[in-house]
Amino acid sequence: MILSDLKQGEKAKVIDYSNVDELIRLRFFQLGMKENKEIYVKRKLPFGGPYVIESCGQCISIRKEEAEKIKVKAK
Amino acid sequence: MNTSQIALLGNPNTGKTSLFNALTGSYAYVGNWSGVTVEKKIGEMRNKQGKLIDLPGIYTLSPLSQDESVVTNFLVNESFTEILNIVDASQLKRNLNLTVQLLELGRPITIGLNMMDVARQRGIHIDSNQLSKELKVPVIPIIARTGQGCERLNNCIASEEKEMIDPLRLDYGPILEETIKKMKDLIPECNGIPKRWMAIQYLEGNSEMMKQLESSDSELKIIAKEADRTLKEEKVAKSTQHHIADVRDKFIQNIIDASCEVKIHAKETLTDIVDRIVTNRFLGIPIFLGLMYLMFMLTFNWLGTPLSDGLDAFIGGPLTNWLTAGLEAVGASTFIKDLILKGIVAGVGGVLVFVPQIFILFFFISLLEDSGYMARVAVIMDKIMESIGLNGKAFIPLIIGFGCNVPGVMAARTVEQPKERLLTVMLTPFMSCSARLPVYALFAGAFFAEHQALIVLSMYVLGIVVALALAKFLSSTILKQEKSMFFVELPPYRMPQMRTLWRSTWEKGKGFVRKAGTYIFGGSVLIWLLAYTGPSGINVAMDDSFLAMIGGVIAPLLVPLGFGTWQAAASLLTGFLAKEVVVASMSIIYFVPEAQLQGFMAGQFTPLSAYAFMVFILLYVPCLATVAVIRKETNSKKWMTLSIVYGLVIAYILVFIIYQGGKILGFS
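Residues numbered from 1 in each chain as written. Chains lettered and ligands numbered in written order. Predicted model: local features only at pLDDT ≥ 70, side-chain atom pairs only at ≥ 80, totals over all residues. Heavy atoms only, no water.

Colleague: It is not clear to me how the domain arrangement of chain B should be interpreted in this structure. Could you clarify?
Modeller: Often the size quoted for an interface is simply the accessible area lost on bringing the parts together. Splitting chain B by domain gives domain 1 (4-156), domain 2 (173-262) and domain 3 (287-480 + 512-664). Centre-to-centre, using C-alpha coordinates, domain 2 of chain B lies 52 Å away from domain 3 of chain B. (Domains from an automatic or database assignment.)

Right under this line is the structure:
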């Protein structure tokens, strides 16, 4: 299951970040967003726009295509 | 003692600017870092005990964007006496990551534990004494926005001669410790910086450190690779970076367990509620456009224009009268009287009347920046920006460019991808900066009095449209890139503080006032002299002056655009110095006070040619200061030249179409 499978307002556990683009993966890493942590899809913007997600107390925004590379497990 | 140099370091969005403002009176100066063109802000401490150096906000020392690379460079190469590390109490774990890296450096350090109030609201209770004991450095709880605790912090830093502290020494396990030992033998002596720290930074992948250690890079790389492989083989960690992070996490978790008490109550915060509205699927973009509209109406119609008119009445009336009386009283010659009244007062005064509008605009830009709404704008705009090969973050430099293109171009540094950054730099000059506003205000007031705000707004929109079209063109041709990327942190909203707002408005606006005293003053004197003198001597009729001759050479080129007079040509030439000089030039050339200038213009332009002239001003060339900053930021003469050339070409073609098309459609 991937992050973009979640609906707005749903939570899951991150299994794997390794497919995410390097620059963004490094930023996640710097922010302490690591595997096995809870992730929450706060908002999906219309027309395939970016996602607003929350993990480890961080609120960030990434594109849909990046969200599709994050593997998660339903809680 | 007055020699303390305190480096202010911390994560982004932790209240660094608020703390800087609370601790310092004013910026002593703004300069550039040696080698890189990133703004260096230094402030004099209020208690005169030293200087505070403001560094860009970073999550860790390993840089991912241009502005972040300054920090490692600073720590290694610049001199400072101590570090002030601002830590967000509500995000302690993430913030302490940077703190650990700084503690490993072993310089004297004081921690300002900020946002104690926010942390408390979230149910986090921190025992700052315990935290201080665990970290073995002073920890002072503060609320930077209100200034609470800053007095104590002030007394703690720069109060006495600080000695070097023992660098924090975490045990990174046998494999890495062995690696670090080997690396230390290869690393050359460098400003007394602990070699262990340099080795760890290198292993973490800090690109700035790799650059620093270039001379022994090839050997270091082999050792680092070897360590990475061993860590993987022995299943210690996924990579060296992961391993270092794990060790630090454990250390930080122990500290947090010992000094924090967390009673989480998952309550919806105000930020969540506001976000639900402003990033709403349907309402997001309309709300943003509505806010922009409100900002323009306040700046140009409701608030700014009455203020500008008042100031203009004062300069044209009482001030001119006093000066005339004063000059007559001291028996000044006609030449001096003309120079001062017709040259300087007309030129500089014609521009100064727009100060209220410009400050109002800067105030709103500061408000957008301080409140945290800017990051949301990046999210809302990302989809549109993606379609032209950029990301939503690039929209922020463009909005800042509305105030002034120079900081806009510099703000492009926060865009991580080099190609997207270059593209953003090249687009910013099309953002209609506040210096162009006097020109619009003049023409819109004269020809479109009833639709002033709408006409001015159309300039801004046109600037954006041209920029987006050019972006699409460049990103699908010269700057064809594999991929555009988007990442932005959404900090909680904060109620903007009046003090911070005023300060950042002033910091931005004072450049405009300073320009009035330098470029515009000099430009005015020069233009007046050129208009006053001619081949046949001095005090010639304006039409026989040098200025008329120079303008006359270019004027024929401008005939197809609707404003082929030598006056318009000469004004445009001077506009390269700074766009508001165009108005100063016109005030001098037509020598009528600003209030009457508008009426006078009606004889020189038609509404259509006035609009054409405004569009030309919007697009034709970036001002001198912007061209210089483009040269610095892109580090390329080619891009600098291109920014001038394509500006001129686009302006000429577009204005030609507008004017000739307008004529065909029957406008005049």
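So much for the structure itself; the text now carries on.
Colleague: Can you walk me through helix α17 (residues 373-386) of chain B in this structure?
Modeller: Since the α-helix turns once every 3.6 residues, residues separated by three or four places project in the same direction. Residues and elements named next belong to chain B. Taking 1.5 Å as the rise per residue, α17 with 14 residues should run 20 Å; its terminal C-alpha atoms sit 20 Å apart, in good agreement. In α17, a bend of some 40 degrees at I380 exceeds every other bend along the element. Where burial is concerned, most of α17 is hidden: eleven out of the 14 residues are buried. Turning to α17, its buried residues are Y373, M374, A375, R376, V377, A378, V379, I380, M381, D382 and M385. (Helix = DSSP H or I, 4+ residues; strand = E, 2+ residues; numbered from the N terminus. Expected span 1.5 Å × (residues − 1). Bend = angle between axes of the 7 residues up to and from the residue. Buried < 20%, exposed > 50% of the residue type's maximum accessible area, 1.4 Å probe, protein only.)

Colleague: When you look at empty space enclosed by the protein in this model, what are you seeing that I'm missing?
Modeller: Over the atoms rolls a probe the size of a water molecule, and its path tells where empty space is left. If you walk through the whole model with that rule in mind, you get five cavities of 30 Å³ or more. In this structure, the largest cavity occupies an estimated 80 Å³ of space. A:L23, A:I24, A:R27, B:L64, B:N391, B:E416, B:Q417, B:M485, B:F486 and B:F487 are the residues that line the largest cavity. In terms of residue count, the dominant contributor to the lining of the largest cavity is helix α1 (residues 22-30) of chain A (three residues). (1 Å grid on protein atoms, 1.4 Å probe; cavity = no way out; pocket = protein on both sides within 12 Å on 5 of 7 lines; lining within 4 Å. Points joined across faces, edges and corners; volume = space filled by probe spheres on them.)

Colleague: Help me out: how do you make sense of the UniProt feature "domain: Ferrous iron transporter FeoA-like" (unreviewed entry) in chain A in this one?
Modeller: Feature annotation in UniProt places "domain: Ferrous iron transporter FeoA-like" (unreviewed entry) on residues 1-74 of chain A, given in this structure's numbering. Overall, residues 1-74 of chain A shows 18% helix and 36% strand. The separation of its end C-alpha atoms is 8 Å. (UniProt positions renumbered as here; feature names shortened; annotations may be inferred.)

Colleague: Can you help me understand the nonpolar core in this one?
Modeller: A general trend in soluble globular proteins is that nonpolar side chains are found buried together. All names here are of chain B. Among the nonpolar cores identified, the biggest contains 131 residues, and F443, F563, F605 and F613 are the most heavily contacted of them. No other element matches helix α29 (residues 607-619), which puts eleven residues into this core. Contact partners of F613, with chain neighbours within four places excluded, come to V439, F443, F563, A568, L572, V582, M586 and F605. Core analysis: the second largest hydrophobic core is formed by 64 residues, L55, L61, F80 and M116 among them. (Core = buried A, V, L, I, M, F, W, Y, C linked by side-chain atoms within 4.5 Å. Contact = heavy atoms within 4.5 Å.)

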